[in-house]
Amino acid sequence: MSKIYMDHSATTPVDPEVARVMISALTGSFGNPSSIHGYGNEARLAIEKSRKQVAALIGASPEEIVFTSGGTEADNMAIIGAAYAYQNRGRHLITSKIEHHAILDTFKHLERQGFETTYLPVNRLGQVDIETVEQAIRPDTILISIMHANNEIGTVEPVEEIGKLARAKGIVFHTDAVQTVGRIPVDVKLLNVDLLSLSGHKFYGPKGIGALYIRSGIKPAPLLHGGGQERTWRSGTENVPGIVGLGQAAEMALHNMSARSHHLQGLAQMLTSRIFNEIPQAYLTGDPQNRLPGHASFVFLGVEGAAMLIFLDSEGIAVSGGSACTSNSFDPSHVLTALGLTKDAAHSSLRVTLGKDNTYADIERLMSVLPGIIERQRLLWNLM
Ligand code: PLP
């Protein structure tokens, strides 16, 4: 049985071209980038090339890119770093209720250190309302962090407007753009952001590598101390193969973005309309318009999400129930409950996130089994 992967918001496979440049960096450019000799220089040049490729993808200058171990570290560095650096101005921080745990748990960490926090609600489509941001701002607010797009429901947030407001009030603005960079156009200047997190494994790059965009003039305190790499923002000998892979993935994402996006939108549209036509009591979660291309998330009332995943997996089809990071937990998703869904509805969710290599035949195959799985589960549920 051939397998079908449809969980690209959790992670993407490494593009063969990305793997090729990484192997060459791993074996060829093995020098320590801080060394003065030729080996060091070769590794240093490879890093700087990648910095330019990543900067080009988000409309930044290369000096504004700091490599990290991924999205989680970039989020921590932005939030803890900004909170520590600007705490003399105030100790109030704002975020939303639907952020990834890399943000929410970092906020909790700062609360334990005496910072005050506000978690903004979202509407039933998962959007943060600009007026609620305005009302939450206090004279001592030093940081606002709102994600660019949500991993579970695909909703794209009005980051540009929030950034404008934050800039006018002199508040540092961070966005977790882990789900958008490499998938939809991201321009740090248009978005009015001061700090932006991205992660390689969401756009066909390797895991364990990401970056934080730090707008020139913004100075979050570093989290890691030591050799002073990355112009002292992030000490530690650089992950050269990871950085090179990230750069290659960034260049390919930029080059292929509109073709990939067009393909993904077509696939998601077909899937959504077939689900609505063939499965009763099926609802799309998130914003039907402002959403990530290829992101299709549903609630199928009266069906346990985990059961759907297991049955689909036994058919060789990989999808997910909520975010990958919370799917081991039996708590209902904090994102779905923030939309106003009941606990039962939140437990009936299924997320299909398509990728560049998925085909219309993959959608056919999913739809040849999903309606039957759901029907059988509902019959069983009614018998219990
Ligand atoms: N933020 C969002 C919105 C994510 O979806 C993820 C990963 O799923 C992360 C942060 C964490 O990124 P990483 O896996 O690179 O640490």
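This text follows the structure it describes.
Residues numbered from 1 in each chain as written. Predicted model: local features only at pLDDT ≥ 70, side-chain atom pairs only at ≥ 80, totals over all residues. Heavy atoms only, no water.

S.K.: Is there a simple way to think about the pattern of salt bridges in this case?
M.R.: In a structure, side chains of opposite charge can pair up when their charged atoms sit close to one another. Following the criterion strictly, the structure yields 16 salt bridges and no others. E73 is paired through a salt bridge with R234; the nearest N and O atoms lie 2.7 Å apart. Here R234 lies in the loop between β8 (210-214) and α7 (240-278) and E73 lies in helix α3 (residues 71-85), a separation of 161 residues in the sequence. No difference in accessibility class separates E73 from R234, as the two residues are buried. With a shortest N-O distance of 2.8 Å, E116 and R138 are connected by a salt bridge. (Salt bridge = Lys/Arg side-chain N within 4 Å of Asp/Glu carboxyl O. Helix = DSSP H or I, 4+ residues; strand = E, 2+ residues; numbered from the N terminus. Buried < 20%, exposed > 50% of the residue type's maximum accessible area, 1.4 Å probe, protein only.)

S.K.: Before we go on, may I ask you to explain the sheet that holds strand β6 (residues 172-176) in this structure?
M.R.: Two orientations exist for strands paired in a sheet by backbone hydrogen bonds: parallel and antiparallel. As summarised here, the arrangement of the 7 strands in space is β2-β8-β7-β6-β5-β3-β4, forming an open sheet in which the pairing is mixed. If you trace the sheet from one side to the other, it starts and ends with β2 (65-68) and β4 (116-120), each paired once. On average, adjacent strands in this sheet sit at an angle of 20° to one another, irrespective of strand direction. Pairing of strand β7 (residues 195-199) with β8 involves 5 bridges; the strand directions are antiparallel. Residue pairing for β8: S199 is matched across the bridge by G210. Against the sheet, α3 contacts β2, β3 (92-96), β5 (141-145), β6, β7 and β8, and its axis sits at roughly 165° relative to β7. (Pairing = 2+ DSSP bridges. Axes fitted to C-alpha atoms, helices over the stretch in contact; angles between N-to-C directions. Contact = heavy atoms within 4.5 Å.)

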